[in-house]
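One-letter residues, chain by chain:
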Amino acid sequence: MNNKKQTPLRKKGHRLLCGFLRIFVRRPKFIYLGERVEEQSIILSNHVGKLAPLKFELYFDRPFRFWGTHEMNEGLIPLYKYQSKIFYHQKQHWNLFLARVACLVVSPLTYLFYKGLNLISTYRDHRFKNSIEESINTLQDKNNIIIFPEDSSEGYFDKLKMFYSGFMLLAQACYKMGMDLPIFVTYYKKEENVFIVDKPVKYSELIKDGDDRDTIANMLCDRANELRDVKVD
């Protein structure tokens, strides 16, 4: 359930598209190991290709916005280039020619879907400060932020290799403003169609021993991998 600032037409169109997709995409189960997600939190998840973001968008019942790479948010041509070369070829290991051909169909559909997401663009340069500012405003509006921090440069793996630490910069900025955000680590288990949601940990708890951002990020990555082994009834 996305509580997002959209034009009425875009909001209606996205809602209709999501309703159509629910016909084909199974509802996942959310299993909480602690308290439930309410508002003003950071949620970290594995990506599992397109699956985890799609399942969150269609079925997660709390207000949120995604972080996502800026190429997906800048129009059809940048999206096509990113999807064909990076997502399908580099990360999903498709043949580049086949990826380019497939994205002639896939990218326009993805573009229509992403227009309704109100994605928070992320960057790998000084513009990342804009991502932080927009995220803070989103959290102050009582939304959650969902982030997929895994290193997927060589593809998506069941056992996550590492977490990038950008989300720690957001948590730090919020902490300086008096918001000690809870951080939820989640793991989507594709075979069982289940999100395992760990009990939240506050930012202040994570930094109390003086560890640096990268160390904390990879500690949370290790925890995500542990969630993968949680038995589902």
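Residues numbered from 1 in each chain as written. Predicted model: local features only at pLDDT ≥ 70, side-chain atom pairs only at ≥ 80, totals over all residues. Heavy atoms only, no water.

1. Some details on the side chain of R65
Mapping R65 onto the fold places it in strand β3 (residues 64-69). A residue is classified by how much of its surface remains accessible, and R65, at 8% relative accessible area, is buried. (Helix = DSSP H or I, 4+ residues; strand = E, 2+ residues; numbered from the N terminus. Buried < 20%, exposed > 50% of the residue type's maximum accessible area, 1.4 Å probe, protein only.)

2. Describing the pattern of salt bridges
The tally for this structure, following the rule as stated, stands at 12 salt bridges. The salt bridge partner of R228 is D229, with a shortest N-O separation of 3.9 Å. (Salt bridge = Lys/Arg side-chain N within 4 Å of Asp/Glu carboxyl O.)

3. Describing the packing of helix α5 (residues 128-140) against helix α6 (residues 166-176)
Where α5 meets α6, the axes come as close as 10 Å, and the angle between the chain directions of the two elements is 55 degrees. Classified by the angle between their axes, α5 and α6 sit oblique to one another. Like other packed secondary-structure pairs, α5 and α6 cross with a definite hand, here right-handed. Each of F128, I132, S135, I136 and L139 in α5 lies in contact with α6, whose residues at this interface are G166, L169, L170, A173 and C174. (Axes fitted to C-alpha atoms, helices over the stretch in contact; angles between N-to-C directions. Parallel < 35°, antiparallel > 145°, perpendicular 65-115°, else oblique. Left-handed = near helix turned anticlockwise from the far one by under 90°. Contact = heavy atoms within 4.5 Å.)

4. As for the packing of aromatic side chains
Enumeration over the complete set of coordinates arrives at 17 aromatic pairs. Here the aromatic rings of F30 and F60 are separated by 5.4 Å at their centres, their planes lie at 40 degrees, and the arrangement is tilted. Taken as a pair, F30 in strand β1 (residues 29-32) and F60 in the loop between α2 (51-59) and β3 lie far apart in primary sequence, 30 residues in all. Positioned above the aromatic ring of Y59, the side-chain terminus of R22 is 5.9 Å from the ring centre. (Phe/Tyr/Trp six-rings, centres within 6.5 Å; stacked < 30°, edge-to-face > 60°. Lys NZ or Arg CZ within 6 Å of the ring centre and 35° of its normal.)

5. A word on empty space enclosed by the protein
All told, the structure shown has 1 cavity of 30 Å³ or more when counted by the stated rule. Taken as a whole, the largest cavity encloses approximately 30 Å³ of empty space. Around the largest cavity, the lining residues are E150, D151, G155, Y156, F157, K159, L160 and K161. Residue composition of the lining of the largest cavity, grouped by class: 3 nonpolar, 1 polar and 4 charged. (1 Å grid on protein atoms, 1.4 Å probe; cavity = no way out; pocket = protein on both sides within 12 Å on 5 of 7 lines; lining within 4 Å. Points joined across faces, edges and corners; volume = space filled by probe spheres on them. Nonpolar A, V, L, I, M, F, W, Y, C, P; charged D, E, K, R; others polar.)

6. Some points on the layout of surface pockets
Volume-wise, the largest pocket comes out at about 1,400 Å³. For the lining of the largest pocket, the elements supplying multiple residues, two or more each, are α1 (8-21), α2, β3, α3 (76-91), α4 (96-115) and α6. Tallied by class, the residues present in the lining of the largest pocket amount to 26 nonpolar, 11 polar and 7 charged. Taken as a whole, the second largest pocket holds about 320 Å³ of empty space. Together, 18 residues line the second largest pocket, and V48, G49, L51, D158 and K190 are the ones closest to its centre. Sort the elements by how many residues they give to the lining of the second largest pocket and strand β6 (residues 182-189) lands first, with 3 residues. Taken together, the residues of the lining of the second largest pocket sort by class into 7 nonpolar, 4 polar and 7 charged.

7. What about α2?
Of all the 9 residues making up α2, 8 are buried; the element is thus mostly covered by neighbouring parts of the structure. The set of residues buried in α2 consists of A52, P53, L54, K55, F56, E57, L58 and Y59.

8. Observations concerning the environment of Q90
Turning to its location among the elements, Q90 is positioned in helix α3. Taking relative accessible area as the criterion, Q90 reaches 34% and is therefore assigned partly exposed. Of note is the side chain of Q90, whose polar atom sits 3.0 Å from the backbone oxygen of S153. (Polar contact = N/O pair within 3.5 Å; in protein donor to acceptor, adjacent residues only side chain to side chain.)

9. Some points on the environment of Y175
Position of Y175 among the secondary structure elements: in helix α6. The class for Y175 is partly exposed, based on a relative accessible area of 38%. On a C-alpha basis, the gap between Y175 and Y203 in space is 7.6 Å, while along the polypeptide they are 28 residues apart. Excluding residues that lie within four positions of it along the chain, Y175 makes contacts with D180, Y203, S204 and I207.

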